[in-house]
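Survey of secondary and tertiary structure
One-letter residues, chain by chain:
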There are 2 protein chains.
Amino acid sequence: MNGIEDFKKGDLRTLARLISLCEDGDPKVIDFLSEIFLLKGHAKVIGITGPPGAGKSTLLNTFVRLIRKENKKVAVLAVDPVSPFSGGALLGDRIRLMDHFNDPNVFIRSLSTRGKLGGLSLATRQGVTLLDKFGFDFILVETVGVGQSEVDVRKLADVTLVALVPEWGDSIQALKAGILEIADIFVVNKADREGADRIEKELKNVLHLAGKDETPVLKTSFNDLTTVEALYQSVNSYLDAHSPTIEKKREVGIQDAALELLEYWVMQEARTWLKDHMESGANPYEVIKQFQKKYPKGSLFS
Amino acid sequence: MNGIEDFKKGDLRTLARLISLCEDGDPKVIDFLSEIFLLKGHAKVIGITGPPGAGKSTLLNTFVRLIRKENKKVAVLAVDPVSPFSGGALLGDRIRLMDHFNDPNVFIRSLSTRGKLGGLSLATRQGVTLLDKFGFDFILVETVGVGQSEVDVRKLADVTLVALVPEWGDSIQALKAGILEIADIFVVNKADREGADRIEKELKNVLHLAGKDETPVLKTSFNDLTTVEALYQSVNSYLDAHSPTIEKKREVGIQDAALELLEYWVMQEARTWLKDHMESGANPYEVIKQFQKKYPKGSLFS
């Protein structure tokens, strides 16, 4: 495939075009990734997730500034799990707000697949892989939603931040529902608001009960940038302290990449098959039983 | 398969056992569903979704009471998109709070598949189908998360309620990100708190801009049960007014059921294949390319 030399030279337009191909689920991406498989990146991947309104975008923006202060290259991938109906308008808004448009060492990109089956998760993983191999020092991946997002940011990120706001103090439910396993670091954002101390305390309580006292809980406020700097330090410390685990996780990630691709491909085949075999009014369970009879377990790919 | 006669007779233990089989992804469920395919239910399926802390469980509880007042049978399916690590503890808590334990016309069940691939969505659909054919008048399906949940309640429900709380007034982001397409009715819960009027107004604004002025926005407060009664009325009016659309949606649902089953089955096959073909350190994109070469588009199921 064309573009490998441009990609290696750091051509941003080639990168942007490749990420669009990821969004489209274009099979050319597989060829490209296959050919650059041996090209090693060194990016640190930071996942940021949390409910809407938790200040994730502002946090991202500040992180970009701190990373640029150290003269490092940073990419932001804002994953947009938007409905198939409304398109990716949300991120368009968000990106316009950002301050780094003219900096060639900052690459900001939203990712949306408009509801294609399994496509967003796949596109995000491919996007992160491309950004890593392109040579960024940091990749920030933002997703909305905690724990049940179509895109499991935890799988892709070396460190995952979960951002909450004081208003979520009531939501200990959420903390139990998987959130504890996602967060490497908790961020209580907008911490100058009422209730910040309470949610911090509750978080620490729940972490203690789960035997996870070591998980940092940091309060941040955009009115006091030293708080965000402290968070950035904490993220870097986490990355340093966990580098062997992170290495292993990346190995697993490569296996996962193959699995997701295979699933996506096979599922498209399955859809086509079903369209041809399922008449209106048919008993779907009977159709499936016929399929299973025709292709018994273990026979399909042999 | 055994149990069909007991099921038809209304044996709750048989029903509970079948739902457990759904959770386990047991293929016996397909046999069972195939055999009772012609058995028609008449349940109205009400989906309730929203962020954690939005008071969904209390809302459910009150709805159950209102339905029972009319002497109708009701099932609650609380879908637990919990992480594979922590199990279904959350719902255990929730269910213990409920008031209807000794009422044989109320069936309350949580559903959790402990992270099995695609399993939760599948199990939920099968669970709803079983409850419908069992003869319930209403099925309430609760999911956490808005728009990006693994379980798309909107697909399963005849009417979908999205519950928010005043604290979410800031989160117009969320409203854009697909939420408008999910909600048939918006509920501003805990409406005696500050900010309820503001979020109601914002919701109505956004709905107006989206050309959806007809979507009801109702404020509810558990301190004033008439507000929940009004919501219940609104839900029933919606169901009456949209019965032809709901009929069509159910037809599509039957097709979807087949597709999900097929996908689940084929994906398990794909996993097995990959385990046998993907060595550690291998280039995953090369493996996928080999697979696609071996099984070109359209050749897999022929």
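Because the structure is a prediction, the values reported are computed rather than measured. (Residues numbered from 1 in each chain as written. Chains lettered and ligands numbered in written order. Predicted model: local features only at pLDDT ≥ 70, side-chain atom pairs only at ≥ 80, totals over all residues. Heavy atoms only, no water.)

1. Topic: the sheet that holds strand β2 (residues 74–79) of chain A
Residues and elements named next belong to chain A.
- Spatially, 7 strands are ordered β3-β2-β4-β1-β5-β6-β7 in an open sheet, and the strand pairing comes out parallel. The sheet is open, and its two borders are formed by β3 (106–111) and β7 (217–219), each paired with just one other strand. Averaged over all pairs of adjacent strands, the angle between strand axes in this sheet comes to 20 degrees, irrespective of strand direction.
- As paired strands, β2 and strand β4 (residues 138–142) are joined by 5 bridges and run parallel to one another. Each bridged residue has a counterpart across the sheet, and for Leu 77 the counterpart in β4 is Val 141. (Pairing = 2+ DSSP bridges. Helix = DSSP H or I, 4+ residues; strand = E, 2+ residues; numbered from the N terminus. Axes fitted to C-alpha atoms, helices over the stretch in contact; angles between N-to-C directions.)

2. Here we look at helix α12 (residues 284–294) of chain A
- Residues of α12(A) that are buried include every one of Pro284(A), Tyr285(A), Val287(A), Ile288(A) and Phe291(A), and no others. Along the long axis of α12(A), the arc covered by the buried residues comes to 155 degrees, so they all point the same way. Of the exposed residues in α12(A), the ones pointing more than 90 degrees away from its buried face are Gln290(A) and Lys293(A).
- Contacts from the buried residues of α12(A) go to α11 (243–277) of chain A together with α3 (28–35), α6 (119–134) and α11 (243–277) of chain B.
- Near the N-terminus of α12(A), the side chain that reaches the backbone nitrogen of Tyr285(A), with its oxygen 3.0 Å away, is that of Asn283(A). (Buried < 20%, exposed > 50% of the residue type's maximum accessible area, 1.4 Å probe, protein only. Arc of directions from axis to C-beta. Contact = heavy atoms within 4.5 Å. Polar contact = N/O pair within 3.5 Å; in protein donor to acceptor, adjacent residues only side chain to side chain.)

3. Quick word on the confidence of the model for chain A
- Averaged over chain A, the pLDDT score is 82; the fraction of residues at 70 or greater is 84%.
- For this predicted complex, the interface confidence score (ipTM) comes to 0.75, while the overall pTM stands at 0.71. (pLDDT = per-residue confidence, 0-100.)

4. Comments concerning the environment of Glu214(A)
- By secondary structure assignment, the location of Glu214(A) is in the loop between α9 (196–209) and β7.
- Separated by 186 residues in the primary sequence, Glu214(A) and Lys28(A) place their C-alpha atoms 44 Å from one another.

5. Considerations on the pairing of β2(A)
Residue and element names in this part refer to chain A.
- Counting buried positions over the 6 residues of β2 gives 6, a clear majority of the element.
- Neither face of β2 is left uncovered, since the one carrying Val 74, Val 76 and Ala 78 and the one carrying Ala 75, Leu 77 and Val 79 both have all their residues buried.
- As paired strands, β2 and β3 are joined by 6 bridges and run parallel to one another. Looking at β3, one finds that Val 74 is bridged to Val 106.

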